[in-house]
Amino acid sequence: MIDHKKVNKAELPENSQEEQEVIKAEVPDESLESAFIRFIRKLFSFLRPSCKFEEFLEKTGEYFDERIRQTEQQKELKYAGGKITFNLKGSQVKMNAKLFFFKSENEKWTVQESSNTVDKSRFNDWDDDEDLKKLLHGETLEFDINPPDEN
C-alpha cells in the first residue's frame, strides 16, 4: 500500500475482474523492474487514455501489495518497507521504487528496485492534484510503500 493522502474508497471504482488480473499477473522470479513495466502497460490499457494521479497511486499500491505477498510466500522473505519516488523530466514522469525484504535465517537484506517512466499526458489532473503541481515546480515526490493489509 502506498502511504499517501487518505483516499475515499467510495470515490474509487471497484476493480473489475480484468483489473484484478492486471494487478495479480506476474511471472515467478520476474524482476521488479520488468514486472512493474508490464503492470503499467496493462493498467493504462484499462485507463485509456489517462487517469487521475490518485487513481494511479491506488492501483499501483494494489500492485505492490500483491507483489510483496507473492515475494514473501515464494521466497520466504519478510517485507520491511519501501519507497517510491516521482520526478518530472520533460514530458516524462520518472518513477523509482525500492522494496526491502529481510531473510531472518541468514540475516541478509534483499532489495528489489525498479525505474520506469510514464508520459505525463497519462495523468489528467495536473491543474487539480497538489502532488502533480509539486512535480511541475520541480519537486520530487516520495511515498512509503507500506506492508499490505492482512486481509
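Residues numbered from 1 in each chain as written. Predicted model: local features only at pLDDT ≥ 70, side-chain atom pairs only at ≥ 80, totals over all residues. Heavy atoms only, no water.

Draft legend 1. Inspection of the nonpolar core at higher detail. The biggest cluster of nonpolar side chains holds 32 residues, and the ones touching the most others in it are Phe 53, Phe 56, Phe 64, Phe 86 and Phe 123. Broken down by secondary-structure element, the contributors of at least two residues to this core are helix H2 (32-46), helix H3 (53-75), strand E2 (78-89), strand E3 (92-103), helix H4 (130-136) and strand E5 (141-145). Leave out the neighbours within four places in its chain, and Phe 123 touches Phe 44, Ser 50, Cys 51, Phe 53, Phe 56, Val 93, Val 118 and Leu 132. (Core = buried A, V, L, I, M, F, W, Y, C linked by side-chain atoms within 4.5 Å. Buried < 20%, exposed > 50% of the residue type's maximum accessible area, 1.4 Å probe, protein only. Helix = DSSP H or I, 4+ residues; strand = E, 2+ residues; numbered from the N terminus. Contact = heavy atoms within 4.5 Å.)

Draft legend 2. How the structure looks around the environment of Gly 81. For Gly 81, the position within the fold is in strand E2. Judged by its relative accessible area of 13%, Gly 81 is buried. A C-alpha to C-alpha distance of 7.4 Å links Gly 81 and Asp 144, two positions 63 residues apart in sequence. If near-sequence neighbours (up to four positions away) are discounted, Gly 81 is found in contact with Lys 98, Leu 99, Phe 100 and Ile 145.

Draft legend 3. Quick peek at the pattern of salt bridges. In total, this model carries four salt bridges according to the counting rule given. The salt bridge partner of Lys 83 is Asp 144, with a shortest N-O separation of 2.3 Å. Pair noted here: Lys 83 is in strand E2 and Asp 144 is in strand E5, with a separation of 61 residues, a long-range link. Residue Lys 83 is classed as partly exposed on the basis of its relative accessible area, which comes to 33%. By relative accessible area, which is 28% here, Asp 144 ends up partly exposed. In this structure, Lys 133 and Glu 130 form a salt bridge, with 3.4 Å as the shortest nitrogen-oxygen distance. Here the residue Lys 133 and the residue Glu 130 both occupy positions in helix H4, the gap between them amounting to three residues, near one helical turn. Look at Lys 133 and you get partly exposed, because its relative accessible area is 29%. For Glu 130, a relative accessible area of 48% puts it in the partly exposed group. Salt bridges sharing partners connect three or more residues here, namely Lys 83, Glu 142 and Asp 144. (Salt bridge = Lys/Arg side-chain N within 4 Å of Asp/Glu carboxyl O.)

Draft legend 4. Representation of the confidence of the model for the chain in the model. Residue-level pLDDT values for the chain average 82, and 77% of them are 70 or greater. pLDDT under 50 marks residues 5-27. Its contacts with residues more than four places away, or in other chains, come to 37 contacts. (pLDDT = per-residue confidence, 0-100.)

Draft legend 5. Representation of the environment of Glu 66 in the model. With respect to the helices and strands, Glu 66 occurs in helix H3. With 82 residues separating them in the primary sequence, Glu 66 and Pro 148 have C-alpha atoms 7.9 Å apart.

Draft legend 6. Region of interest: the pairing of E2. Across eleven bridges, E2 lies against E3 in antiparallel orientation. Opposite Asn 87, over in E3, you have Lys 94 as the bridge partner. Where E2 folds back on E3, the antiparallel hairpin that results is connected by two residues, among which Gly 90 adopts a positive phi of roughly 65°. In the sheet, E2 pairs with E5 via five bridges, with the strands oriented antiparallel. Each bridged residue has a counterpart across the sheet, and for Thr 85 the counterpart in E5 is Glu 142. (Pairing = 2+ DSSP bridges.)

Draft legend 7. Local environment of unusual backbone geometry. Non-glycine residue Glu 76 carries a positive phi angle of around 55°. Mapped onto the elements, Glu 76 comes out in the loop between H3 and E2. By relative accessible area, Glu 76 is classed as exposed at 62%.

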